Amino acid sequence: MSETQSSERITVFSDYVCPFCYLGRESLRQYQSTREEELEIDWHPFDLRSGKRNPDGSIDHSVDDGKDKDYYEQAKQGVRRLQEKYGVEMDLDIATDIDSLPAQIASYYVKEHYDYETWLTFDVAVFEALWQDGQDIGDEDLLVDLAEDAGVDGGEIRSALADDALRSAVREKFTAAQRQGITGVPTFAHDGHAARGAVPPEQLERLVEGT
């Protein structure tokens, strides 16, 4: 990859079930609107629920991950503050009972088999289905509908969600992110530098343009 190409991409580690990832993407959208050239998103999936997953990938909600009511209340306050800062209306503050793994598998499939704009359309639709409409993005039928709206064959999504090899590949992506030192999301990375959290557009500008 040439230097010119790399300068037009930003790596984003995220999990659809993370409200700060949704808010971070809005910040990125606002920064993108100030650019003449499109900044392509190189998305890498991350699993906030990795410590609660059973070997088969299901979530064991009885596992104590250290996130109590106070933690979630603080998180909600942070979400509301950023909602106001970025001018974003959200149906949910926190989504504690929704499993994003199916959505991440579907998104990874689309990213690998379709063009960038198709993936981006699907990716945005997944975020909005959860955070704007309060829908369960772990539901196969919903993911098929969102994919078809983006121009993806729904049967391919059903096959992808039933593909154990693809599921394993996505979970390996989760592990790879942890090996790279990613401990929280969203994390934005560009040219050897990174910014973690739903940082403001001007910080993303500094990250990408070095200004």
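Residues numbered from 1 in each chain as written. Predicted model: local features only at pLDDT ≥ 70, side-chain atom pairs only at ≥ 80, totals over all residues. Heavy atoms only, no water.

1. Examining helix α9 (residues 201-209)
- Burial in α9 covers these residues: Pro201, Leu204, Leu207 and Val208. Taken around the axis of α9, the buried residues stretch over an arc of 115°, which confines them to a single face.
- Phi turns positive, to about 65°, at Gly210, one or two residues after α9. (Buried < 20%, exposed > 50% of the residue type's maximum accessible area, 1.4 Å probe, protein only. Helix = DSSP H or I, 4+ residues; strand = E, 2+ residues; numbered from the N terminus. Arc of directions from axis to C-beta.)

2. Things to note about the pairing of strand β3 (residues 187-190)
- Of the pairings in the sheet, the one linking strand β1 (residues 9-14) to β3 comprises three bridges and is antiparallel in character. Its bridge partner being in β3, Val12 is matched across the sheet by Phe188.
- As judged from the four bridges shared by β3 and strand β4 (residues 193-196), these two strands associate in the antiparallel manner. Paired with Ala189 across the bridge in β4 is Ala194.
- In this structure, the hairpin formed by β3 and β4 is closed by a connection of two residues, where Asp191 is found at a positive phi of approximately 55°. (Pairing = 2+ DSSP bridges.)

3. Observations concerning the side chain of Arg25
- By the element assignment, Arg25 lies in helix α2 (residues 19-32).
- Within the structure, the side chain of Arg25 is placed 2.6 Å from the side chain of Asp123, a separation counted as a polar contact.
- Setting aside residues up to four positions removed in sequence, Arg25 forms contacts with Ile41, Leu120, Asp123, Val124 and Phe127. (Polar contact = N/O pair within 3.5 Å; in protein donor to acceptor, adjacent residues only side chain to side chain. Contact = heavy atoms within 4.5 Å.)

4. Concerning the sheet that holds β4
- As summarised here, the arrangement of the four strands in space is β2-β1-β3-β4, forming an open sheet in which the pairing is mixed. Where the open sheet ends on each side, the last strands, each with one partner, are β2 (40-45) and β4. Across the sheet, the axes of successive neighbouring strands diverge by a mean angle of 25°, strand direction being ignored.
- Where β1 lies against β2, six bridges are found, and the strand directions are parallel. Of the residues in β2, the one forming a bridge with Arg9 is Glu40.
- Across the sheet, α2 touches β1, β2 and β3, and the angle it forms with β1 is around 165°. (Axes fitted to C-alpha atoms, helices over the stretch in contact; angles between N-to-C directions.)

So, to be careful, I would describe these as geometric facts and stop short of saying anything about function.
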